[in-house]
Amino acid sequence: SATGLVVNPKLITQPAVGVKDTYVVTMNNSSGSGTTLATVVVSRGSVKIDSILMASEVKIDSIVMSSGIITPILSGFSLSAASVAFGTTTMPIITAPTSASSGAISYAVTGGTSTTKAVISSTGVISAIGSVGTTIITATQAADGNYATASTTATLTVTTTPSFTNFGAISKTYGDAAFDLIAPTSASSGAFTYTSSNPLVATISGSTVTVVGAGTSTITATQEANGNYAKANTTATLTVKKATPILTDFLPITKTLVDTPFNLTAPKSPSSGGFTYTYSIDNANGRAAATVTSLGKVTIAALGSSTITAIQAADANYLTAKTTAKITVTLATPIITNFPSISKDLFDPLFNITDPKSTSDYGFQFTSSNKAVAIISGHEVRIKGVGTTTITAYQDAFGNYTDGSITATITVNRAPITTLDSGGLTWTRNNRTAGLSPGLPGTADWATANATCNTLTLDGFSWRLPTHAELTALYAAGTGPLTAAGWIMHSVWSSNIYTYNSHNVFNFFTGPTPFPFPADYGMDVGFYHVSCVHP
């Protein structure tokens, strides 16, 4: 136990009785490499038991430790820079290894991939790094006492910076889609990462570039170290040009001479630039159809057209742009109102039609679509027959207005015919029996008067024209009842023939004519009042 060696006798081949065996034990060092030797002498005696001689247990007679050879463990051997760039003048500094041995340490280049290896003195001073590649430096500790010689290594790597190509300037326009960067061409196989110096112009995720705004940004491609190549980077300039905005919804405008000033609605645009406006004169006479202020207020000036230009200023991401729209100024259509429909009876007297109201000051002309119902002369309307007619009030173009028109309907109803009894006869009122122009209400030529009475079916009786004698008797009975019944006190047709081309009429205004003729007469084409009779 004094030697620190414990031997289990049971593990040793038992010697013969009275014989000593010698064993040499080789022990591996637990602190450091190498071995330690021990010489162990064992023997076995005898003992008599019940007169029987028997072998005793094996015993260790002696253990002698011989001076061992230990391989020391070297640790802490390092370089201040295990990797250096080719061409550097700053040499790495060696940190010497340490161990339990006190043997001297020397240094040497023992291998590597560099065609020209690093130069190192035996005392550990590096004076040259060599060519690109690796140099293996071995530190060897000489044997000392119980310690054998030992060595350890360190590797010095000489790298070079890769050169880059195919990573040139990039030009884009604001609004362009995101795009992927193409990695620079490099002899190194190290992975690339990318950054943008101006995130207001572009951002990068992985190798995808998103355009954010107009301007410039430096794109840096960084390649990680790999093999004999150091970490390095290269740059390219990304230029994002301003886009030209597309201006829309600036449409042609149509106005009239009477329209009031108005403000333009700016075109739609993706740009935030402000708008100003100008105009040009399209009219051959040199007059502008409309004037426009720089802020877009339009004032109507004359017939014709003008071209309005909307100009948008540049903003951070868009260039200046412009678009045009034509404004056309025409005459206004007059607004015509207050022309109501009219209802009349068949034998109503002439009446004047009233002008409609209009925004134009020009006078009106009138037409009737059905002259069998009513005719118009100037403003005067004459009823002609039962039915409807469309009256058109037409206004010629004047001043700032085009021509215009409005219509109304005149409805002519068959008026009730009133009667009176006198002299054993029933008479129709003479202003409600006929009504044909150009005579007064209730007048007609003889043929029309005769046909009117012969076809009259009022109250179920057969009617006829009165004789001249019957008209004379009616007058002699007194004109008071006639006037009260609404008679027109004038000439009335009779059925008596005066000559071959005329029939007698009776003049209720003057009474029987004192002239030697039996009565007044009228040409059959003349227009006189009509009254029909039945017994």
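Presented here is a report on the structure given in the accompanying data block. Note that the structure is a prediction, hence the values are computed from the model and not measured.

Calculation criteria
- Residues numbered from 1 in each chain as written.
- Predicted model: local features only at pLDDT ≥ 70, side-chain atom pairs only at ≥ 80, totals over all residues.
- Heavy atoms only, no water.
- Helix = DSSP H or I, 4+ residues; strand = E, 2+ residues; numbered from the N terminus.
- Buried < 20%, exposed > 50% of the residue type's maximum accessible area, 1.4 Å probe, protein only.
- Contact = heavy atoms within 4.5 Å.
- Pairing = 2+ DSSP bridges.
- Disulfide = S-S within 2.5 Å.
- Polar contact = N/O pair within 3.5 Å; in protein donor to acceptor, adjacent residues only side chain to side chain.
- Core = buried A, V, L, I, M, F, W, Y, C linked by side-chain atoms within 4.5 Å.
- Salt bridge = Lys/Arg side-chain N within 4 Å of Asp/Glu carboxyl O.

**Description of the overall build of the protein chain**
- In terms of regular secondary structure, the protein chain is built from 3 helices and 44 strands.
- Within the protein chain, the fraction of its 535 residues that count as buried is 38%.
- A separation threshold of at least 6 residues defines the contact pool for the protein chain, and within that pool the share at least 24 residues apart is 57%.

**Describing the sheet that holds strand S24 (residues 290–292)**
- One open sheet holds the 3 strands; their spatial order is S22-S25-S24, and the pairing between them is antiparallel. A strand with exactly one partner marks an edge of an open sheet, and here the two such strands are strand S22 (262–263) and S24.
- Sheet analysis places S24 next to strand S25 (residues 297–300), joined by 3 bridges and oriented antiparallel. Pairing of Thr291 across the sheet is with Thr299, part of S25.

**Brief notes about the state of the cysteines**
- Under the counting rule described, the total for this entry stands at 1 disulfide.
- Between Cys453 and Cys532 runs a disulfide, and the two sulfur atoms are separated by 1.9 Å. With the S-S dihedral at roughly -85°, the linkage between Cys453 and Cys532 falls on the left-handed side. A residue pair is termed long-range when its members are at least 10 positions apart, and Cys453 in helix H1 (residues 446–455) and Cys532 in the loop between strand S43 (528–529) and strand S44 (533–534) qualify at 79 residues. Comparing Cys453 with Cys532, the two get one shared label, buried.

**Description of the environment of Ser494**
- As for its placement among the helices and strands, Ser494 is situated in strand S40 (residues 491–499).
- Spatially, the C-alpha atoms of Ser494 and Asn450 are 8.9 Å apart, while their sequence positions differ by 44 residues.
- Look past the residues within four positions of Ser494 in its chain and what remains in contact with it is Trp446, Leu465, Pro466, Thr467, His468, Leu471, His503, Asn504 and Val505.
- Within polar-contact distance, the side chain of Ser494 engages the backbone nitrogen of Asn496 at 3.3 Å.

**Describing the nonpolar core**
- With 19 residues, the main nonpolar core has Phe262, Leu264, Tyr277, Val298, Ile300, Ile308 and Ile327 as its most contacted residues.
- Breaking this core down by element, the ones donating at least two residues are strand S23 (275–281), S24, S25, strand S26 (304–312) and strand S27 (321–330).
- In terms of residue count, S27 provides more of this core than any other element does, 4 residues in total.
- Setting aside chain neighbours within four positions, we find Ile327 in contact with Ile253, Lys255, Phe262, Ala290, Val298, Ile300, Gly304, Ser305, Ser306 and Ile308.

**Regarding the pattern of salt bridges**
- Enumeration according to the criterion identifies 4 salt bridges in this entry.
- The salt bridge involving Lys231 is made with Glu224; its shortest N-O contact spans 3.9 Å.
- Assessed through its relative accessible area of 52%, Lys231 is described here as exposed.
- Put simply, Lys326 and Asp282 hold a salt bridge, and the shortest N to O gap is 2.8 Å. Taken together, the positions of Lys326 in strand S27 and Asp282 in the loop between S23 and S24 put the pair 44 residues apart, joining distant regions of the chain.
- Given a relative accessible area of 38%, Lys326 falls into the partly exposed group.
- Residue Asp282 is classed as partly exposed on the basis of its relative accessible area of 31%.

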